[in-house]
Each structure stands twice: as structure tokens, then as C-alpha cells.
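# Structural overview for review
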Amino acid sequence: MRQILAISIFLLSYNLSLAQETLEIDTTIVPTDTIAISTDTTSLTKDTTLSILFIGDVMGHGTQINAAFDDNTGKYNYDSCFKYISPVISQADIAIANLEVTLAGWPYKGYPQFSSPDALAISLKNAGVDILATANNHSLDRRKKGLERTIDMLDSLAIPHTGTFKNAEERKKAYPMMIEKNGFKIALLNYTYATNGIPVSKPNIVNMINKEAIAKDLKAAKAKDPDHIIVFMHWGAEYQLKPNKYEISFNQFCKDNGADIVIGAHPHVIQKMELTHQNTYSSLTAYSLGNFVSNQRTSPRDGGAMIQINFKKFGGESTIVDAGYYLTWVYKPLIKGARKFRVLPLSQYEDDEAFLGETALKKMTVYKKIARKLFDAENINVPEYIYDSESKAWEMEK
Ligand SMILES: [Zn+2]
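Residues numbered from 1 in each chain as written. Predicted model: local features only at pLDDT ≥ 70, side-chain atom pairs only at ≥ 80, totals over all residues.

### Considerations on the pairing of strand β22 (residues 393–396)
Look at any regular strand and the pattern is simple: side chains alternate between the two faces of the sheet. Bridge analysis of strand β21 (residues 385–388) against β22 gives four bridges, and the strand direction is antiparallel. Bridged to Asp388 within β22 is Ala393. Adjacent in sequence and paired antiparallel, β21 and β22 are bridged by four residues, among which Lys392 carries a positive phi angle near 55 degrees. (Pairing = 2+ DSSP bridges. Helix = DSSP H or I, 4+ residues; strand = E, 2+ residues; numbered from the N terminus.)

### Comments concerning the sheet that holds strand β14 (residues 281–289)
Sheets are built from strands that pair by backbone hydrogen bonding, the pairs being arranged parallel or antiparallel. Ordered by their spatial adjacency, six strands build an open sheet running β8-β9-β11-β12-β14-β13, and the pairing between neighbours is mixed. What marks the edges here is a single partner per strand, and that holds for β8 (177–181) and β13 (270–278). Within the sheet, the average angular offset between the axes of one strand and its neighbour, ignoring direction, is 15 degrees. As paired elements, strand β11 (residues 228–234) and strand β12 (residues 261–265) share five bridges and run parallel to each other. Its bridge partner being in β12, Met233 is matched across the sheet by Gly264. Against the sheet, helix α8 (residues 211–223) contacts β9 (184–192) and β11, and its axis sits at roughly 170 degrees relative to β9. (Axes fitted to C-alpha atoms, helices over the stretch in contact; angles between N-to-C directions. Contact = placed C-beta atoms within 7 Å.)

### Describing the confidence of the model for the protein
Of the residues in the protein, 88% have a pLDDT of 70 or more, and the chain-wide mean is 90. Below a pLDDT of 50 lies the segment residues 1–34, which in the model reaches one contact outside its immediate sequence neighbourhood of four places, other chains included. This stretch, residues 37–45, has a pLDDT under 50; its non-local contacts, to residues over four places away or in other chains, come to 15 contacts. (pLDDT = per-residue confidence, 0-100.)

### Remarks on helix α6 (residues 143–156)
Given 3.6 residues per turn, any residue in an α-helix points the same way as the ones three and four places further on. In this model α6 runs 20 Å from its N-terminal to its C-terminal C-alpha over 14 residues, within 8% of the 20 Å that 1.5 Å per residue would give. For α6, the complete set of buried residues consists of Gly146, Leu147, Thr150 and Leu154. One face of α6 carries all of its buried residues, which in axial projection span an arc of 100 degrees. The exposed set on the far side of α6, more than 90 degrees from its buried face, consists of Asp152, Asp155 and Ser156. Those residues of α6 that are buried are in contact with α5 (119–126), β5 (131–133), β6 (161–162) and β7 (164–165). Directly after α6, the chain includes Ala158, whose backbone phi takes a positive value near 55 degrees. (Expected span 1.5 Å × (residues − 1). Buried ≥ 20, exposed ≤ 12 C-beta atoms within 10 Å, placed from the backbone. Arc of directions from axis to C-beta.)

This is the structure in C-alpha cells:
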């Protein structure tokens, strides 16, 4: 007995010293990279920050699929497509993109009814994309199989996703999506205006933009007591640089019903971004982020914008500190006789003729001028992130 007691005391003191050590280490621990998605209601009272980056439409045209094929391995791989933009995506705590293709398996297809290789999702994840929105006009391109295989594939790759569901039961379990990170709790909702006339097969669900459903979902989101509610919309008129009445009215509807952030995509071109503060309440809308990657080459369809929203939490209250955009442009170099795709952080390469060559630089400059002219004239409190080549850091324009 005495021996057991001695061992117990020894173990107890050993545990205590371990606990002490752990406590000491604890103060230097940085937040993990894991995105916990749950309905847990933990809240922190210390001063913390969070950055969320939204990325526009990830398209999958036939030329992109061909370009992703690696002759050496006989496999598809999009890593090099995102290698220049990956450092920008990775520095955000959470990066969210619109996956505008299905992962329906072989045969792979480009426009008009997309099915991309699974490698696209793998490379997006490798590039730092944490979450994919799947409700868009191409969700049903490969019908039921496409919708369900996309969900299964993203699940198997451990990429959280929202917007489309196999059935009502799965939607109920996982919607609105709750994101927990750095002590923040964010609700994410995702809807599309239509599915290109293809009806959804029962019991599958594609979240459609309609007031009744959105009001109900926003109510459910509010009940989970998040710090912020974000609605990611797939909407608007293609190739229009100004939001239309539909976008403006649904933006207002979301705001009136509890969302403080609305992000849009689909027009294939960019549209204005507005951040307003009233007392302690902030409201942000980015009407369209444009194409993130596509084979649409007519300017300004050949570029897009990512918006980074920076949050701060103090005393349990979270606020939007500021938001800025990164311009992106799709560069198509000829490498060993084959056309490749490279998404570039524009500000980092805008003067780099040695890297781009004269023709590509000219094309990128056309996009740059249109994008900056629009955002300079129409954005409210959302400046550009500019790359400082000396410090090799991104700084928000003053
Ligand atoms: Zn679309």
C-alpha cells in the first residue's frame, strides 16, 4: 500500500511538474492552423485577430484542364497554376473560394458543363484555400453524380464546403456553416441565383437565392451567436462592372436580416466594395470578385480581386478593423511549347517585364488600369494591398 501511495505521489508530482511546464509553454503557443467547424460556444476575452480572404470564381475551361496535365507523371496537377498566388492566400487565417466546376470524375469537361480533375481541389488546398463554396450556376453541370461526387471528393480531401448538399438531413447538420478560429465564431452562408436551367434531382439541394430561405437561414445563424455572419452570393449580370438592382436589393435584404458581410461573384468581372462603420457596427459588401482563374482572356475578365477582411476581438466583442483587396491576373506563359496558367498577385509583378515579357505585361496593364480606375472611383474604405519589393511585404494603401 505504502509503495502504491509512494508511486501515486511520485506520479502526482511528476504530473504537476508536467502541468507547470505545459503552462509555461502555453503562453507562447500560436493558434493552430486547424479550422474547427462546430457549434461549440467557446468565447475568448483576450485581444485576438482574424483575417478572412475571399477569392472569386475558380473556373475550369478545357484549356486549363489540358494545361494541368503533366506529361512526365501522366497526372493532373494545378500546383504551378497557384504557386505565385499561394503566399498571399496562405497568409490569411482563412481563405474561402467559389468552386465553379464539378468534380464529377472522368471524362473531364470544360465549358459549358464543367467537370474538372480532382487535382484542382487538391492544388487549391495546397495553395492555402481552406473552404470552398459550391452553390453556383454550374453546381449541376454533371447532374446528380456531379453534385454528389463533388461533395464526396471534398470530404475525402478534408476540405470544408458549403452551398450544396446531398439531402435535407445533411444540410440540417452542416448549415449554416460555423467556422471557429482564433477564438472567433463566423457563420458562412452560400446561395446561387440559378443552375443554368438544370433542375436539381431529389433529394439533392442547391441553395437558391430567395428571401424566405435566406431569412430562415440567417435566423438559424443568429441563433448560434456568431461574431459575424457572412453571405457568399453567386449573382449578378455577366460582364457588368456595376452591381444591378437584384444584387443591391438582396445585399440589403441580407443586411436587414442579420448578415454584416456580403460577398458576391459570378459576373466574371469585378464590381465595387464598400465598408461602412456606424458606432460599433460595421457592414461590408463586395459585389463581385471576378474570375480568380479562367480562360476568359478579354480584359477585364482575365483578372479578379481577392478581398481580405481583418477582424479584432477585444473583451468578447469582434469588429471589422479594415478590409483591402489584392488584384490578381491570369498569366498564360508558353512553357516548353505548352500554354500554362499562372495566377499572379498583380502588384508584385506589375513592373516585372523581365518575368512577364512585353506582350503579357501590356495585357496585364490593361486589366490593371480598368480595375484600379473602378475601385479608386467606387470603393468605400476598401483600399488595395500593395507589394513592397524592398521589405517583400504587402501593405494596405493609405
Ligand atoms: Zn457563375
